[in-house]
Amino acid sequence: MSETTARAAAASTGVMLPRDLAASSVLEYAARAEELGFDELWAVEDLGFRGGVAQAAAVLASTRTIRVGIGILPAGARNAAFAAMEVATLAQLFPGRSTSGSGTACPAGCAPSAPR
């Protein structure tokens, strides 16, 4: 991580895009977050709601400065190669304005217990 990136990350203030926000309100919400001076907006990818990549792309295209994160791309549902391709495309189209995580949101204890 460069010194500039580290400094920006340390001083960032973000807001989460509510997963149950009506699709028709997503861009308005993002514009308002940018107007209020938030540095980051995080899109949630959650089964039964909306895809994080699509929301991130729409927000990035409709704003000028706010960084957009996807937290998180579900590793169990997304092919790693295709997820990397999507994330790389966002990074190329909007340099320095996108980030994402990949993993599982499974709460502690949902994995099978280790044999005793």
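Residues numbered from 1 in each chain as written. Predicted model: local features only at pLDDT ≥ 70, side-chain atom pairs only at ≥ 80, totals over all residues. Heavy atoms only, no water.

Counted according to the given criterion, the structure contains 3 salt bridges. Glu-45 serves as the salt-bridge partner of Arg-78, at 2.7 Å between the closest nitrogen and oxygen. One end of the pair, Arg-78, is in the loop between strand S3 (67-74) and helix H4 (80-93); the other, Glu-45, is in the loop between strand S2 (40-43) and helix H3 (52-62), with 33 residues separating them in the sequence. Exposure remark for Arg-78: the relative accessible area of 29% places this residue in the partly exposed category. With relative accessibility at 15%, the residue Glu-45 sits in the buried group. (Salt bridge = Lys/Arg side-chain N within 4 Å of Asp/Glu carboxyl O. Helix = DSSP H or I, 4+ residues; strand = E, 2+ residues; numbered from the N terminus. Buried < 20%, exposed > 50% of the residue type's maximum accessible area, 1.4 Å probe, protein only.)

Next up on the list: the sheet that holds strand S1 (residues 14-16). What holds strands together in a sheet is hydrogen bonding between their backbones, with the strands either parallel or antiparallel. One open sheet holds the 4 strands; their spatial order is S1-S2-S3-S4, and the pairing between them is parallel. Both outer strands of the open sheet, S1 and strand S4 (98-103), are each paired with one neighbouring strand and no more. Adjacent strand axes in the sheet meet at a mean angle of 20 degrees when their direction is disregarded. Both S3 and S4 contribute to a ladder of 5 bridges, which runs parallel. For Pro-74, the partnering residue across the bridge sits in S4 and is Gly-103. (Pairing = 2+ DSSP bridges. Axes fitted to C-alpha atoms, helices over the stretch in contact; angles between N-to-C directions.)

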